[in-house]
Amino acid sequence: MKAATVRYILDTIGELFPDAHCELNHSNAFELTIAVLLSAQCTDETVNKVTKDLFQKYKSPEDYVAVPLEELEQDIRRIGLFRNKAKHIRNLCMLLMEQYGGEVPREHDELVKLPGVGRKTANVVVSNAFDVPAIAVDTHVERVSKRLGLANWKDSVLEVEKKLMKQVPREEWTLTHHRLIFFGRYHCKAQNPKCQVCPLLDVCREGKKRMKTSQIRKDK
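Let us look at the structure shown here. (Residues numbered from 1 in each chain as written. Predicted model: local features only at pLDDT ≥ 70, side-chain atom pairs only at ≥ 80, totals over all residues. Heavy atoms only, no water.)

1. Quick word on the side chain of N123
Here N123 is to be found in helix α8 (residues 119-129). Classification of N123 as buried rests on a relative accessible area of 4%. A distance of 2.9 Å separates a polar atom in the side chain of N123 from a polar atom in the side chain of H108. If near-sequence neighbours (up to four positions away) are discounted, N123 is found in contact with H108, A134, I135, A136 and E161. (Helix = DSSP H or I, 4+ residues; strand = E, 2+ residues; numbered from the N terminus. Buried < 20%, exposed > 50% of the residue type's maximum accessible area, 1.4 Å probe, protein only. Polar contact = N/O pair within 3.5 Å; in protein donor to acceptor, adjacent residues only side chain to side chain. Contact = heavy atoms within 4.5 Å.)

Pasting the structure below:
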(Lines give C-alpha, C1' and ligand atoms only; values in the text may rest on other atoms or scores of the structure.)
Protein backbone atom coordinates (compact mmCIF):
# COMPACT_ATOMS: atom_id res chain seq x y z
CA MET A 1 0.00 0.00 0.00
CA LYS A 2 1.25 3.50 -0.86
CA ALA A 3 2.52 5.62 2.01
CA ALA A 4 0.05 8.38 1.14
CA THR A 5 -2.89 5.97 1.46
CA VAL A 6 -1.64 4.72 4.82
CA ARG A 7 -1.30 8.33 5.99
CA TYR A 8 -4.84 9.06 4.81
CA ILE A 9 -6.19 6.05 6.72
CA LEU A 10 -4.34 6.96 9.93
CA ASP A 11 -5.40 10.62 9.78
CA THR A 12 -9.04 9.78 9.02
CA ILE A 13 -9.30 7.31 11.90
CA GLY A 14 -7.53 9.87 14.07
CA GLU A 15 -10.19 12.45 13.24
CA LEU A 16 -12.93 9.97 14.13
CA PHE A 17 -11.33 8.91 17.43
CA PRO A 18 -8.84 11.59 18.53
CA ASP A 19 -9.13 10.60 22.19
CA ALA A 20 -8.69 6.83 21.77
CA HIS A 21 -7.05 5.29 24.83
CA CYS A 22 -6.72 2.11 26.86
CA GLU A 23 -10.17 1.41 28.29
CA LEU A 24 -8.98 -1.03 30.94
CA ASN A 25 -8.98 0.74 34.30
CA HIS A 26 -5.64 0.56 36.11
CA SER A 27 -3.33 2.71 38.19
CA ASN A 28 0.01 0.96 37.63
CA ALA A 29 1.83 -1.60 35.50
CA PHE A 30 0.90 -4.49 37.77
CA GLU A 31 -2.84 -3.75 37.64
CA LEU A 32 -2.65 -3.28 33.87
CA THR A 33 -0.96 -6.66 33.46
CA ILE A 34 -3.68 -8.35 35.50
CA ALA A 35 -6.44 -6.50 33.62
CA VAL A 36 -5.07 -7.41 30.17
CA LEU A 37 -4.66 -11.04 31.25
CA LEU A 38 -8.31 -11.07 32.34
CA SER A 39 -9.48 -9.42 29.10
CA ALA A 40 -8.71 -12.41 26.86
CA GLN A 41 -12.01 -13.44 25.22
CA CYS A 42 -13.82 -10.96 27.44
CA THR A 43 -14.97 -7.35 27.04
CA ASP A 44 -13.11 -4.49 28.70
CA GLU A 45 -16.42 -3.42 30.24
CA THR A 46 -16.78 -6.72 32.11
CA VAL A 47 -13.14 -6.68 33.17
CA ASN A 48 -13.53 -3.18 34.60
CA LYS A 49 -16.54 -4.25 36.64
CA VAL A 50 -14.55 -7.12 38.15
CA THR A 51 -11.32 -5.21 38.74
CA LYS A 52 -13.14 -2.40 40.54
CA ASP A 53 -13.39 -4.67 43.58
CA LEU A 54 -10.41 -6.87 42.73
CA PHE A 55 -7.91 -4.01 42.82
CA GLN A 56 -9.30 -2.84 46.15
CA LYS A 57 -8.71 -6.25 47.65
CA TYR A 58 -5.38 -7.12 46.01
CA LYS A 59 -2.67 -4.46 45.89
CA SER A 60 0.44 -6.56 45.29
CA PRO A 61 1.61 -9.98 44.06
CA GLU A 62 1.86 -11.04 47.71
CA ASP A 63 -1.86 -10.37 48.19
CA TYR A 64 -2.85 -12.69 45.34
CA VAL A 65 -0.61 -15.47 46.59
CA ALA A 66 -1.83 -15.15 50.19
CA VAL A 67 -5.39 -16.33 49.49
CA PRO A 68 -6.60 -19.82 48.47
CA LEU A 69 -6.90 -20.29 44.72
CA GLU A 70 -10.63 -21.00 45.16
CA GLU A 71 -11.12 -17.55 46.68
CA LEU A 72 -9.40 -15.83 43.77
CA GLU A 73 -11.53 -17.88 41.36
CA GLN A 74 -14.68 -16.60 43.07
CA ASP A 75 -13.41 -13.02 42.91
CA ILE A 76 -13.11 -13.20 39.09
CA ARG A 77 -15.96 -15.65 38.47
CA ARG A 78 -17.78 -13.24 36.11
CA ILE A 79 -14.81 -13.40 33.73
CA GLY A 80 -14.69 -16.05 31.01
CA LEU A 81 -12.18 -18.86 31.63
CA PHE A 82 -11.90 -17.65 35.22
CA ARG A 83 -10.33 -20.85 36.58
CA ASN A 84 -7.45 -20.82 34.10
CA LYS A 85 -6.97 -17.10 34.55
CA ALA A 86 -6.88 -17.45 38.35
CA LYS A 87 -4.08 -20.01 37.97
CA HIS A 88 -2.19 -17.74 35.58
CA ILE A 89 -2.51 -14.78 37.95
CA ARG A 90 -1.31 -16.80 40.89
CA ASN A 91 1.67 -18.26 38.98
CA LEU A 92 2.47 -14.84 37.52
CA CYS A 93 2.53 -13.27 40.97
CA MET A 94 4.75 -16.01 42.35
CA LEU A 95 7.20 -15.51 39.50
CA LEU A 96 7.21 -11.74 40.02
CA MET A 97 8.05 -12.29 43.68
CA GLU A 98 10.73 -14.90 42.98
CA GLN A 99 12.53 -13.34 40.02
CA TYR A 100 11.57 -9.68 39.69
CA GLY A 101 11.37 -8.33 43.23
CA GLY A 102 7.58 -8.15 43.00
CA GLU A 103 7.72 -5.63 40.13
CA VAL A 104 6.46 -6.04 36.58
CA PRO A 105 9.49 -6.07 34.25
CA ARG A 106 9.75 -3.26 31.71
CA GLU A 107 11.32 -5.39 28.96
CA HIS A 108 9.08 -7.09 26.41
CA ASP A 109 11.27 -10.22 26.38
CA GLU A 110 10.86 -10.59 30.14
CA LEU A 111 7.12 -9.89 30.12
CA VAL A 112 6.34 -12.75 27.71
CA LYS A 113 7.98 -15.16 30.17
CA LEU A 114 5.20 -14.49 32.68
CA PRO A 115 2.34 -17.04 32.89
CA GLY A 116 -0.67 -15.97 30.84
CA VAL A 117 1.23 -13.12 29.17
CA GLY A 118 1.58 -13.41 25.42
CA ARG A 119 2.97 -11.01 22.86
CA LYS A 120 -0.21 -8.92 22.71
CA THR A 121 -0.41 -8.47 26.48
CA ALA A 122 3.28 -7.58 26.65
CA ASN A 123 2.81 -4.96 23.93
CA VAL A 124 -0.10 -3.39 25.79
CA VAL A 125 1.88 -3.25 29.04
CA VAL A 126 5.11 -1.79 27.62
CA SER A 127 3.23 0.82 25.59
CA ASN A 128 0.71 1.93 28.20
CA ALA A 129 2.67 1.47 31.42
CA PHE A 130 6.20 2.24 30.26
CA ASP A 131 5.66 4.50 27.20
CA VAL A 132 7.54 2.18 24.86
CA PRO A 133 6.07 2.36 21.32
CA ALA A 134 4.26 -0.87 20.43
CA ILE A 135 1.31 -2.13 18.40
CA ALA A 136 -0.72 -4.81 20.13
CA VAL A 137 -2.85 -6.75 17.64
CA ASP A 138 -6.18 -7.83 19.12
CA THR A 139 -9.25 -8.97 17.19
CA HIS A 140 -10.25 -5.36 16.38
CA VAL A 141 -6.82 -4.34 15.10
CA GLU A 142 -6.50 -7.51 13.05
CA ARG A 143 -9.98 -7.16 11.50
CA VAL A 144 -9.60 -3.48 10.61
CA SER A 145 -6.09 -3.94 9.22
CA LYS A 146 -7.20 -6.74 6.92
CA ARG A 147 -10.39 -5.01 5.79
CA LEU A 148 -8.51 -1.84 4.89
CA GLY A 149 -5.75 -3.76 3.12
CA LEU A 150 -3.01 -2.81 5.59
CA ALA A 151 -2.47 -6.56 5.90
CA ASN A 152 -3.45 -9.62 3.88
CA TRP A 153 -6.44 -11.80 4.72
CA LYS A 154 -4.32 -14.84 5.53
CA ASP A 155 -1.69 -12.99 7.59
CA SER A 156 -1.06 -14.28 11.09
CA VAL A 157 -1.38 -11.91 14.06
CA LEU A 158 2.41 -11.54 14.14
CA GLU A 159 2.50 -10.76 10.41
CA VAL A 160 -0.19 -8.10 10.88
CA GLU A 161 1.84 -6.56 13.70
CA LYS A 162 5.03 -6.49 11.61
CA LYS A 163 3.26 -4.92 8.63
CA LEU A 164 1.70 -2.21 10.79
CA MET A 165 5.08 -1.50 12.42
CA LYS A 166 6.58 -1.09 8.97
CA GLN A 167 3.84 1.20 7.63
CA VAL A 168 3.15 3.33 10.72
CA PRO A 169 5.76 5.78 12.07
CA ARG A 170 7.25 4.37 15.29
CA GLU A 171 6.21 7.37 17.37
CA GLU A 172 2.60 6.69 16.35
CA TRP A 173 2.50 2.96 17.12
CA THR A 174 0.79 3.17 20.51
CA LEU A 175 -1.71 5.82 19.46
CA THR A 176 -2.50 3.93 16.25
CA HIS A 177 -3.09 0.76 18.29
CA HIS A 178 -5.71 2.56 20.39
CA ARG A 179 -7.34 4.25 17.42
CA LEU A 180 -7.61 1.02 15.43
CA ILE A 181 -9.25 -0.63 18.46
CA PHE A 182 -11.78 2.20 18.80
CA PHE A 183 -12.43 2.15 15.06
CA GLY A 184 -13.04 -1.60 15.17
CA ARG A 185 -15.02 -1.57 18.39
CA TYR A 186 -17.34 1.34 17.65
CA HIS A 187 -17.40 1.76 13.87
CA CYS A 188 -15.93 -1.09 11.78
CA LYS A 189 -17.60 -3.78 13.87
CA ALA A 190 -17.31 -7.50 13.17
CA GLN A 191 -21.05 -7.64 12.51
CA ASN A 192 -22.84 -4.77 10.77
CA PRO A 193 -19.92 -2.38 10.20
CA LYS A 194 -20.99 1.18 9.38
CA CYS A 195 -19.82 1.03 5.76
CA GLN A 196 -22.57 3.32 4.47
CA VAL A 197 -21.31 6.25 6.56
CA CYS A 198 -17.62 5.36 6.66
CA PRO A 199 -15.19 8.08 5.53
CA LEU A 200 -12.75 5.34 4.48
CA LEU A 201 -15.15 3.56 2.13
CA ASP A 202 -13.22 4.79 -0.91
CA VAL A 203 -10.08 2.92 0.18
CA CYS A 204 -11.70 -0.08 1.88
CA ARG A 205 -11.91 -3.26 -0.16
CA GLU A 206 -14.23 -4.92 2.36
CA GLY A 207 -16.54 -1.91 2.51
CA LYS A 208 -16.85 -1.68 -1.27
CA LYS A 209 -17.64 -5.39 -1.44
CA ARG A 210 -20.29 -5.11 1.28
CA MET A 211 -21.93 -2.05 -0.29
CA LYS A 212 -21.98 -3.73 -3.71
CA THR A 213 -23.60 -6.83 -2.23
CA SER A 214 -26.12 -4.65 -0.39
CA GLN A 215 -27.01 -2.81 -3.62
CA ILE A 216 -27.49 -6.06 -5.53
CA ARG A 217 -29.92 -7.25 -2.84
CA LYS A 218 -31.85 -3.99 -3.09
CA ASP A 219 -32.02 -4.24 -6.88
CA LYS A 220 -33.57 -7.68 -6.55
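2. Details of unusual backbone geometry
Glycine aside, the phi torsion of most residues is negative, and most peptide linkages are trans. Residues other than glycine seldom take positive phi values, yet Q41 does so here, at roughly 55 degrees. Here Q41 shows up in the loop between α2 (29-38) and α3 (44-57).

3. Thoughts on the nonpolar core
In this structure, I34, L54, Y64, I76, I89 and L92 are the most contacted members of the largest nonpolar core, which totals 40 residues. Among the secondary structure elements, those contributing two or more residues to this core are α2, α3, α6 (82-99) and α8. When residues of this core are assigned to their parent elements, the largest contribution, eight residues, is made by α2. Setting aside anything within four residues of it in sequence, one finds I89 in contact with I34, L37, L38, Y64, L72 and I76. (Core = buried A, V, L, I, M, F, W, Y, C linked by side-chain atoms within 4.5 Å.)

4. Focus: empty space enclosed by the protein
Scanning all chains against the criterion turns up one cavity of 30 Å³ or more. Its volume calculated, the largest cavity comes out at about 100 Å³. Per-class residue counts for the lining of the largest cavity are nine nonpolar, two polar and four charged. (1 Å grid on protein atoms, 1.4 Å probe; cavity = no way out; pocket = protein on both sides within 12 Å on 5 of 7 lines; lining within 4 Å. Points joined across faces, edges and corners; volume = space filled by probe spheres on them. Nonpolar A, V, L, I, M, F, W, Y, C, P; charged D, E, K, R; others polar.)

5. What about the packing of helix α9 (residues 139-147) against helix α11 (residues 173-186)?
Where α9 contacts α11, the two axes come as close as 8 Å, and the packing angle between them is 80 degrees. Comparing the axis directions of α9 and α11 gives the class roughly perpendicular. Contacts between α9 and α11 pair H140, V141, R143, V144 and S145 from the former with H177, L180, I181, F183, G184 and R185 from the latter. (Axes fitted to C-alpha atoms, helices over the stretch in contact; angles between N-to-C directions. Parallel < 35°, antiparallel > 145°, perpendicular 65-115°, else oblique.)

6. What about the packing of aromatic side chains?
In the structure shown here, the tally under the stated rule is four aromatic pairs. The interplanar angle of 70 degrees and the centroid separation of 6.0 Å between the aromatic rings of F17 and F182 together place this pair among those described as edge-to-face. Taken as a pair, F17 in the loop between α1 (3-16) and α2 and F182 in helix α11 lie far apart in primary sequence, 165 residues in all. Residue F182 is classed as buried on the basis of its relative accessible area of 9%. (Phe/Tyr/Trp six-rings, centres within 6.5 Å; stacked < 30°, edge-to-face > 60°.)

7. Things to note about the environment of K189
Mapped onto the elements, K189 comes out in the loop between α11 and α12 (205-219). The spatial distance from the C-alpha of K189 to the C-alpha of V157 is 18 Å, given a sequence separation of 32 residues. Contacts of K189, omitting those with residues within four sequence positions, involve R143, R147 and G184.

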